[in-house]
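# Structural features, examined
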Amino acid sequence: MRKFLCVLILLILSTPAFAASNSSDAFMSLPFGHTFARTQKRMENSGAKTTIPRKESLTMEGYFEGYPAMFVFNFHKNKLLKFKAVYLQSLGDKEFDQKFYEALQKGFNAAYGSGNERPTANTRSKGKIMLQNVWTPDRYTTITLTYNPEMSKRFPGSAISSRFIHLIYKTDKWE
């Protein structure tokens, strides 16, 4: 995890500064098992805004390394965090988006070994592919990074399906 954070910090320092607040540190450091209230408070302290609070899920909007982001959290019946995901909206620069994806991929590869990048069918656009990496840092945790190059355009929409990067963490520890 430390290697990933080092790569992420280097990426931040090498990219232009953004005026918007950044919730990436809060998101990345949220451990499984956090309660709904602690998760919400931590993300709000980092600048994210709650859009849909539900009993077992939480949806927030904010910024992840300068990209507009939608954060989604799901909780176990005992109100413990079991799933967290961030969906990034493109800034409209396809080359910059691809470099950001590659930096994320390198960071996770450094921390957890190869994610075995593979093309996968795009369920929303027939005949198009997405690139997907999957890491399993322990027997309970799965991390999935998906890159959809077709969504690297300026105003793709606000739906999750229109986001160019999907980063999903989930645990099966309580199931």
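Description of the structure in this document. On a predicted model such as this, the values are computed, not experimentally measured, just so you know. (Residues numbered from 1 in each chain as written. Predicted model: local features only at pLDDT ≥ 70, side-chain atom pairs only at ≥ 80, totals over all residues. Heavy atoms only, no water.)

### A look at the overall build of the protein chain
Just so we agree on the cut-off: Working definition: helices are DSSP H or I runs of at least four residues, strands are E runs of at least two. Numbering for both runs from the N terminus. For every residue, the accessible area (1.4 Å probe, protein chains only) is compared with the maximum for its type, and the residue is labelled buried under 20%, exposed over 50%, or partly exposed between those bounds. The contact criterion used throughout is that any non-hydrogen atoms of two residues lie within 4.5 Å.
Along its length, the protein chain carries four helices and eight strands. Each helix and strand of the protein chain, ordered N terminal to C terminal, gives the series α-α-α-β-β-β-β-α-β-β-β-β. Within the span of the protein chain, comprising 175 residues, buried residues form 43% of the whole. Taking as baseline every contact in the protein chain between residues at least 6 positions apart, the subset at least 24 positions apart corresponds to 51%.

### With respect to the environment of Ser-162
Turning to its location among the elements, Ser-162 is positioned in the loop between strand S7 (141-147) and strand S8 (165-171). For Ser-162, a relative accessible area of 7% translates into the label buried. Sequence separation between Ser-162 and Ser-152 is ten residues, and the spatial gap between their C-alpha atoms is 9.1 Å.

### Looking at the nonpolar core
Note the cut-off: What is meant by a nonpolar core is a set of buried Ala, Val, Leu, Ile, Met, Phe, Trp, Tyr and Cys residues, joined one to another through side-chain atoms within 4.5 Å.
Phe-27, Phe-64, Phe-73 and Leu-167 are the most contacted members of the largest nonpolar core, which has 31 residues in total. Breaking this core down by element, the ones donating at least two residues are helix H2 (24-29), helix H3 (36-45), strand S2 (57-64), strand S3 (67-75), strand S4 (81-88), helix H4 (94-112), S7 and S8. The residues contacting Leu-167, other than those within four sequence positions of it, are Phe-27, Met-28, Phe-64, Lys-84, Ala-85, Val-86, Phe-108, Ile-143, Thr-144 and Leu-145.

### Some words on H3
Note the threshold: The arc in question is traced by the directions running from the helix axis to the C-beta atoms.
Looking at H3, one finds that the buried residues are Phe-36, Thr-39, Gln-40 and Met-43. Each buried residue of H3 sits inside an arc of 95° when the element is viewed along its axis, so together they form one side. Exposed positions of H3 whose direction lies more than 90 degrees from the buried face are Ala-37, Arg-38 and Asn-45. Considering only its buried residues, H3 is in contact with H2, strand S1 (49-53), S2, S3 and S4. Looking one or two residues beyond H3, the residue adopting positive phi is Gly-47, at roughly 110°.

### Some thoughts on the sheet that holds strand S6 (residues 129-135)
Which entries qualify depends on this criterion: Any two strands between which DSSP finds at least two bridges are classified as paired. Axes, fitted as lines to C-alpha atoms, cover a helix only where it is in contact. Angles between the N-to-C directions of the axes lie from 0 to 180 degrees.
Reading across the sheet, the eight strands line up as S1-S2-S3-S4-S8-S7-S6-S5 and stay open at both edges, with antiparallel pairing between neighbours. Because the sheet does not close on itself, it has two edges, and the strands there are S1 and strand S5 (118-121). In this sheet, adjacent strand axes meet at a mean angle of 25° when their direction is disregarded. One ladder, built from five bridges, connects S6 with S7; its direction is antiparallel. Residue pairing in the sheet places Asn-133 in a bridge with Leu-145 of S7. Together, S1, S2, S3 and S4 form the strand contacts of H3, whose direction differs from that of S2 by roughly 20°. Across the face of the sheet, H4 comes into contact with S2, S3, S4, S6, S7 and S8 while running at roughly 160° to S7.

Any functional reading would require information beyond the geometric quantities listed.
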